[in-house]
Amino acid sequence: PLVTTKEMFKKAYEGKYAIGAFNVNNMEIIQGITDAAKEEQSPVILQVSAGARKYAKHIYLIKLVEAALADSDDLPICLHLDHGDSYELCKDCIDGGFTSVMIDGSKYPFEENIALTKKVVDYAHNRGVVVEAELGKLAGIEDAVNVDVRDATFTDPDQAVEFVERTGVDSLAVAIGTSHGAYKFKGTPYLDFERLEKISNMLPDYPLVLHGASTVMPEFVKKCNEFGGQIPGAQGVPEDMLFRAGKMGVCKINIDTDLRLAMTASIREQLINDPSNFDPRKYLGPARTAIKGMVQHKMRDVLNCSHKI
Ligand code: G3H
Ligand code: 13P
Ligand code: NA
Ligand code: ZN
């Protein structure tokens, strides 16, 4: 069934594991992810960015997710708006069938972020929809070893508590050193686990969210580069760090880049290996299979959310 994250986060928090939130843009991606969830008997969050909604259109994504639900027995699926940047966008998605929305007011000053988040929470909660917000700056930090830089950009634990109390938001994305995309760290990967622990301890029984949590899996980067791609120096969050975060109150781990890399690596390989093929099914089929395998690996070995239905 189509569900909110309430129940899945409660179980994940208690069981010290995390739910994967995977970004979706088209049929093959949705099928790859939900086929993986079915096989792993894992709850799953399908998330749609503003860009995805513009690319595929709201109605197509809704209908594809409806189809995935019909094709998945009793699999709990949450349909979530990723990085909503306005009240209006969140409202559109709530009215249009989403069960969860993110209002990302992280770029605004603290008080404005609170006011905007509160407005979305009021609208959503009246309609049975849950809300995620973000506090702190996720953008790639050059100098994360510098304590002053960390304090200025990463999530402040005291502010996190005040933010949650004053907004009533259902989950909070925190900034502890991750960033979006395929180039997360120049040198050795670093996450501020001390800060995460502090936030988690100050917000007991409260689900935290980790954005920018792709591992940028080396096998896919290598395959892309082998078959004509150019993504040198790509680096993500090591999987043992994600596993650790899942034990520390992080209940939702966002993954988009790893989907993109798995899909693109597979398509590049197919097209190079069979230059005479021009049937999209012959490269999109294997790409869907690659996504499924990657997601199963995440669920089983990294998120620890397999067999949790
Ligand atoms: O957080 C960003 C997600 O990876 C979605 O990316 O805005 O290009 O769809 P997008
Ligand atoms: P990645 O770029 O690390 O996959 O992060 C995705 C994300 O946070 C979507 O909101
Ligand atoms: Na999100
Ligand atoms: Zn994100």
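Look above for the structure.
Residue numbers here run from 1 along each chain, matching the order of that chain's written sequence. Chain letters and ligand numbers both follow the written order, the letters beginning at A and the numbers at 1. pLDDT decides what is reported in this predicted model: residues at 70 or higher carry local features, side-chain atom pairs at 80 or more are listed and counted, and totals for whole chains, interfaces and linings draw on all residues regardless.

What follows deals with the pairing of strand β6 (residues 171-174). Burial of the side chains of β6 extends over both faces: S171 and A173 are buried on one face and L172 and V174 on the other. Strand direction decides the pairing type here: strand β5 (residues 130-135) and β6, joined by four bridges, are parallel. The residue bridging E134 from the neighbouring strand is A173, located in β6. Here, a strand pair is defined by DSSP locating no fewer than two bridges between the strands. Helix and strand definitions follow DSSP, with helices as H or I runs of at least four residues and strands as E runs of at least two, each counted in order from the N terminus. The pairing of β6 with strand β7 (residues 208-210) spans two bridges and is classified as parallel. What sits directly across from A173, in β7, is V209. With its strands directed away from the observer, a crossover is right-handed exactly when the path from the first strand over the helix to the second travels clockwise. Each parallel crossover has a hand, and for β6 linked through helix α9 (residues 193-202) to β7 it is right-handed. Partly exposed residues are those whose C-beta has more than 12 but fewer than 20 other C-beta atoms within 10 Å; with 20 or more the residue is buried, with 12 or fewer it is exposed, and the C-beta atoms are placed from the backbone.

Our next topic: the site of ligand 1. Using a C-beta atom placed from the backbone, a residue is scored as near a molecule or strand whenever that atom is within 6 Å of it. Close to ligand 1 lie N23, S49, G51, A52, D82, H83, H180 and D256. When residues of the shell around ligand 1 are traced back to their parent elements, those giving at least two are α3 (50-56) and β3 (77-84). Residues are sorted three ways: Asp, Glu, Lys and Arg are charged, Ala, Val, Leu, Ile, Met, Phe, Trp, Tyr, Cys and Pro are nonpolar, and all the rest, Gly among them, are polar. Grouping the amino acids of the shell around ligand 1 by side-chain chemistry returns one nonpolar, five polar and two charged.

Let's shift gears to the packing of helix α6 (residues 110-125) against helix α8 (residues 157-167). Axis lines are fitted to C-alpha atoms, over the contacting stretch for helices. Their N-to-C directions set the angle, which ranges from 0 to 180 degrees. For the pair α6 and α8, interaxial distance at closest approach is 9 Å and the crossing angle is 35°. Crossing hand, α6 versus α8: right-handed. Contact with α6, carried on its side by F110, I114, T117, K118 and V121, involves Q159, F163, R166 and T167 of α8 and no other residues of that element. Considering only residue class, the contact of α6 with α8 consists of four nonpolar, three polar and two charged. For a crossing to be left-handed, the near helix must be turned anticlockwise from the far one by less than a right angle; the clockwise case is right-handed. We call two residues in contact if the C-beta atoms placed from their backbones are at most 7 Å apart.

Now for the nonpolar core. Counting residues in hydrophobic clusters, the biggest one holds 91 residues, and the most contacted among them are I19, I33, L46, V101, L172, V174 and I291. In terms of residues, this core owes the most to one element, helix α13 (residues 280-303), which gives nine residues. What makes a nonpolar core is a set of buried Ala, Val, Leu, Ile, Met, Phe, Trp, Tyr and Cys residues, with links drawn between C-beta atoms within 7 Å.

As for its placement among the helices and strands, T5 is situated in the segment before α1 (6-15). We classify T5 as buried; it has 26 C-beta atoms within 10 Å. Sequence separation between T5 and I45 is 40 residues, and the spatial gap between their C-alpha atoms is 8.0 Å. Residue contacts for T5: discarding those within four places in its chain leaves I45, C78, S100, V130 and S171.

Around ligand 2 sit 13 residues in total, of which H211, S214, N254, D256 and T257 are the nearest. Elements with a contribution of two residues or more to the shell around ligand 2: β3 and β8 (250-255). Of the residues in the shell around ligand 2, the class split is two nonpolar, nine polar and two charged.

Everything listed is a geometric property; what it means functionally is a separate question.
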